[in-house]
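# Summary of the model geometry
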Amino acid sequence: MKTKNIFKMLAMALLMPAMLLTTACSSDDDAIVNNEPTAKKGYTIPVTVNVTREGDEAANSRITRATYNESTMKLSFSSGDKLFVWGNDTRVDGGAGYFAGTLDYVPASGQFTGIITTQKVYTGTADALFTATSSSGEYLTADLLPADHEDYRFIYIQTTGGNGYDDVLNTASAKAFATSKATAVEQFSLEEASTYSSGFALHPLNAILNFTISGLTPSTEVTATLTNGGSLTISGDVTTNASGEASFAMAVSRGTNLNSLSLTVGGNDYTLLRSSKTLEAGHVYNINRPLTYPIALSSVTSAYVGSVITTDGNVYATVSDATAASKTAVAMITYVGAAGSADASSASYKGLALALTDALVNAGNLDDRDNYFEWCTINGGQCLPKWYDNNETTDMAGIANTDALVNHGSHTHDAATKARSYNSGTHPTGTSEWFLPSAGQLDKMITTAGSYTALRDGFSSVGGTDIMARRYWTSTECAGSAWIFYFFNETGYFANTTKTGTNRVRPCLAF
């Protein structure tokens, strides 16, 4: 759509309420409705603006449409990205009135550039226009346009106070369905800025659900439908792969609870959540749902990551599903790979699962200091046969580490002991004993989840308790210290710290 056409639509949409208040319609009024005088008065202004993304400095920044790198969970602007800017400059002297325009991203400069069309004659700069509009409290917004939505429908919704993406995705003409996470993030996420200070700082407004549904008929087209409390339905067709998996992604509004959503794929209904999980704007959530439940733990594949393990060695979709079958779920599967890849102690272990809750002394207050444990009662020294100074993620010996720490003769290791005694020391049929995961095992689980935040926030989606935004012990030792992982909000990383410090423990199983 050309900029001039966008402005025509914009001015008409915004001026319509005022026109409806007139008591009579003359030929001049008709001309105003058709917007001809406005278009003739307008001036075009060349615009170049700096645009940043909220959270760009973080390793796992908030994400929305732009080129999406799945391995780093980050985005960058790329050729083809467009920014729609509009507002109302009400200054008495020299005010531009309503203005609008679409700006194109220029990779060479890293800026957006284009033309802004004004309602009134305006001779100032775009920077002055945006600054004045923002500082006066008048409406100013910059929206990163989704792919395929640079059309009347999208612009009309944004300029008339519609419900944004919910309305866009609910239209027959909208592309409401994607077959890959990367495509969905680029096309479906809405990002906007409402203030200006030498540029626009965008922030995300919705979340992406990335689905992998297995157990379907191979190489067949199926229909996937997501319904939000009966008020919003997003539907599309996807072709399953040779293994019978359907992979697709959809966008939902921020603040949506998973328990308000219903998913149907190929005529089969899938449980997304039996407890509350509020979706955060700018986040991608991976949801894996196999068709066959329950299934024996020995038969699971990587498609069952995110499912729960019960004490009898079976696997269910959620804690509630297990409870309905009179089974007790105790862990969530967080990694499945080749035999021997899960722990150095056995050539047969192929998977890892984390406990549904932290090791707790006081379950009534999750953040109580009694639920934080020392790695060791003394600092310094060497407690394990091998320590890792800078290559901690190569340590895959969580079981052996925990064995050595629990049975250490000269001093105690509370974190490892609490992990080993989780669930009163009872572990599911077909698994190892409970242990404190090594740094390498935790890194493998984070990689499988897609990011540390996806692993951290994934437990409540099946009925467990999410990992807290705190520091968690691993069983990997460094020279005189031990390795932890920071599960913080905007950053996450491994670090070594004093052994007598107190941190959280999330026990692990291998199978």
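Keep in mind it's a predicted model, so treat the numbers as computed, not measured.

Attention now goes to the overall build of the protein chain. Helix and strand counts for the protein chain stand at 12 helices and 28 strands. When each of the 511 residues of the protein chain is scored for burial, the buried share is 53%. Intrachain contacts of the protein chain at a sequence separation of at least 6 include 64% that bridge at least 24 residues. In the structure as shown, the protein chain presents an accessible area of about 20,500 Å², 49% of it carried by carbon and sulfur atoms.

Quick look at the sheet that holds strand β19 (residues 308–310) now. Read across the sheet, 6 strands follow the order β18-β20-β19-β21-β22-β28 without closing on themselves; strand pairing throughout is antiparallel. Two strands bound the open sheet, and with one partner strand each, they are β18 (295–296) and β28 (508–510). Examined bridge by bridge, strand β21 (residues 329–336) and strand β22 (residues 351–355) share 5 bridges and lie antiparallel to one another. The residue of β22 that forms the bridge with V336 is G351.

Moving on, we get to the side chain of S451. Within the secondary structure, S451 sits in the loop between α11 (439–449) and α12 (452–456). Among the residues examined, S451 registers a relative accessible area of 4% and is labelled buried. Side-chain polar atoms of S451 contact the backbone nitrogen of A454, separated by 3.0 Å.

Below, the discussion takes up the pattern of salt bridges. Taken as a whole and assessed by the stated rule, the structure comprises 11 salt bridges. Of the charged contacts, one joins D89 and R91 as a salt bridge, the two residues approaching to 2.9 Å between their closest N and O atoms. When its relative accessible area of 2% is taken as the criterion, D89 is described as buried. Between E477 and K499 there is a salt bridge whose closest N-O contact spans 2.6 Å. One end of the pair, E477, is in strand β24 (residues 471–478); the other, K499, is in the loop between β26 (492–497) and β27 (502–503), with 22 residues separating them in the sequence. Its relative accessible area of 0% is what places K499 among the buried residues. Linked through salt bridges whose partners overlap, the residues forming this network are D358, R504 and R506.

Turning our eyes to something else, we now look at the environment of A100. Summarising the element assignment, A100 is placed in strand β6 (residues 97–106). Here A100 falls in the buried class, since its relative accessible area comes to 0%. Distance in space between the C-alpha atoms of A100 and G87 is 6.6 Å, their sequence separation being 13 residues.

A word on the nonpolar core. Grouped together as the largest cluster of nonpolar side chains are 34 residues, with contacts concentrated most on L352, L356, L442, M445, L455 and F487. Counting residues per element, the ones that place at least two in this core are α8 (319–324), β21, β22, α11, α12, β24, β25 (481–487) and β28. At 5 residues, the largest contribution of residues to this core is made by α11. Beyond its immediate stretch of four places on either side in the chain, M445 contacts T334, Y335, L352, L354, P437, L455 and C508. With 23 residues, the next largest nonpolar core counts I234, M250, L263 and L272 among its residues.

What counts as what
Residues numbered from 1 in each chain as written. Predicted model: local features only at pLDDT ≥ 70, side-chain atom pairs only at ≥ 80, totals over all residues. Heavy atoms only, no water. Helix = DSSP H or I, 4+ residues; strand = E, 2+ residues; numbered from the N terminus. Buried < 20%, exposed > 50% of the residue type's maximum accessible area, 1.4 Å probe, protein only. Contact = heavy atoms within 4.5 Å. Areas by Shrake-Rupley, 256 points an atom, 1.4 Å probe, with all protein chains shown as cover. Pairing = 2+ DSSP bridges. Polar contact = N/O pair within 3.5 Å; in protein donor to acceptor, adjacent residues only side chain to side chain. Salt bridge = Lys/Arg side-chain N within 4 Å of Asp/Glu carboxyl O. Core = buried A, V, L, I, M, F, W, Y, C linked by side-chain atoms within 4.5 Å.

Any functional reading would require information beyond the geometric quantities listed.
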